[in-house]
Amino acid sequence: MSIEIFLSGFLYLFILVLQIAMAAFGYILEPTPKHYESDDKLLSFNNNPKKFQISVVLALIEHFSVVTLPIILFIVFSPYNIILGIVWMLFRITEGLIQVYNEKDYWGLLNLAKKYSVSSGAEKKSLIDSYHTILKAKSFRFAFAMICWSIGTLALSIVLVTYVGSVPPFIGWLGIAASIAIGFANVAKLVKPNFKVYDTMSSIFGLLAIVFELIIGGWLIFYSFIIP
């Protein structure tokens, strides 16, 4: 059994599980127009502060797992192509660090929510404007993080298709398709923030990325048990 291959597969799946748990606790991973149209989320943060805090802790664990994953993948696959190995490691580490940086402002939403719950008039409007500003900044940085995911995943997928005979080629091709789709959607979001079909594209392409990570995570765990 290869512990590095097992760990890389485990982290792929662990990150997906954490994202589900984060959502269950009300974490906003990618702000969308529905979060700007009402104050429901802000009020829920104040009503359930412990839930909010748990969601941020889960998010930090997820982000640091994202930082750790490419380092382990580099150990496993970089002998096949060191240049592409450096590319996927640097970009996916950058993705994780962008997400970690986002939590500084996101954590402040709890204090903002407390003030908002007892405010009125001009102060209430000012606080909701601050809420929107924080979410918009998070959305902007998230798009950059996803572009980093796209470049890093594309580099890894090229290695899987071109050099690694032990991984079924369709996994690499799926990764290439997912990375191009996610990259295109998020570049479009940055170039044209009011891109009307972005939410639909993001859902479809995001599902493609999830399928890729489920399959490669499962395959790496399986493969770690069958190699000498």
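Residues numbered from 1 in each chain as written. Predicted model: local features only at pLDDT ≥ 70, side-chain atom pairs only at ≥ 80, totals over all residues. Heavy atoms only, no water.

Caption draft 1: Geometry of the packing of helix α6 (residues 109-117) against helix α7 (residues 121-162). With their axes 10 Å apart at the nearest point, α6 and α7 run at an angle of 160° to one another. With respect to α7, the element α6 is oriented roughly antiparallel. The handedness of the crossing between α6 and α7 comes out as left-handed. Residues L109, L112, K115 and Y116 of α6 form the contact with α7, whose participating residues are K124, L127, I128, S130, Y131, I134 and L135. Class assignment for the residues of the contact of α6 with α7 results in 8 nonpolar, 1 polar and 2 charged. (Axes fitted to C-alpha atoms, helices over the stretch in contact; angles between N-to-C directions. Helix = DSSP H or I, 4+ residues; strand = E, 2+ residues; numbered from the N terminus. Parallel < 35°, antiparallel > 145°, perpendicular 65-115°, else oblique. Left-handed = near helix turned anticlockwise from the far one by under 90°. Contact = heavy atoms within 4.5 Å. Nonpolar A, V, L, I, M, F, W, Y, C, P; charged D, E, K, R; others polar.)

Caption draft 2: Quick look at the environment of I215. Topologically, I215 is positioned in helix α9 (residues 198-226). For I215, a relative accessible area of 29% translates into the label partly exposed. In sequence terms I215 and G9 are 206 residues apart; their C-alpha atoms lie 9.3 Å from each other. Apart from the residues lying within four places of it in its own chain, the contact partners of I215 are F170, I171 and L174. (Buried < 20%, exposed > 50% of the residue type's maximum accessible area, 1.4 Å probe, protein only.)

Caption draft 3: View of the packing of aromatic side chains. Counted by the stated rule, this structure contains 12 aromatic pairs. For the ring pair F52 and W107, a centre distance of 6.1 Å and an interplane angle of 45° mean the geometry is tilted. With F52 in helix α4 (residues 49-77) and W107 in helix α5 (residues 82-107), this pair connects stretches of sequence that are 55 residues apart. Considering the side-chain rings of F140 and F144, the 5.2 Å spacing of their centres and the 75° angle between planes classify their relative orientation as edge-to-face. With F140 and F144 both in helix α7 and 4 residues apart, the pair spans about one turn of that helix. Overall, the relative accessible area of 38% leaves F144 in the partly exposed class. Taken together, Y27, F45, F52, Y106 and W107 form an aromatic cluster joined through their ring pairs. Lying over the aromatic face of Y106, K138 brings its terminal NZ or CZ to 5.1 Å of the ring centre. (Phe/Tyr/Trp six-rings, centres within 6.5 Å; stacked < 30°, edge-to-face > 60°. Lys NZ or Arg CZ within 6 Å of the ring centre and 35° of its normal.)

Caption draft 4: Looking closely at the packing of α4 against α5. Remark: α4 packs on α5, axes separated minimally by 8 Å, with the N-to-C direction vectors making an angle of 170°. Between α4 and α5, the interaxial angle falls into the category roughly antiparallel. Its residues assigned to classes, the contact of α4 with α5 comprises 22 nonpolar, 5 polar and 3 charged.

Caption draft 5: Local environment of helix α1 (residues 3-24). Relative to the 32 Å expected for 22 residues at 1.5 Å per residue, α1 spans 31 Å between its end C-alpha atoms, a close match to the ideal helical length. Those residues of α1 that sit buried are I5, S8, G9, L11, Y12, I15, L16, L18 and M22. Where α1 ends, the next residue or the one after it, G26, has phi of about 90°, a positive value. (Expected span 1.5 Å × (residues − 1).)

Caption draft 6: Spatial organisation of the side chain of S150. For S150, the location among the structural elements is in helix α7. Here S150 falls in the buried class, since its relative accessible area comes to 7%. In this view, S150 contacts S179, I180 and G183; residues no more than four positions away in its chain are not counted.

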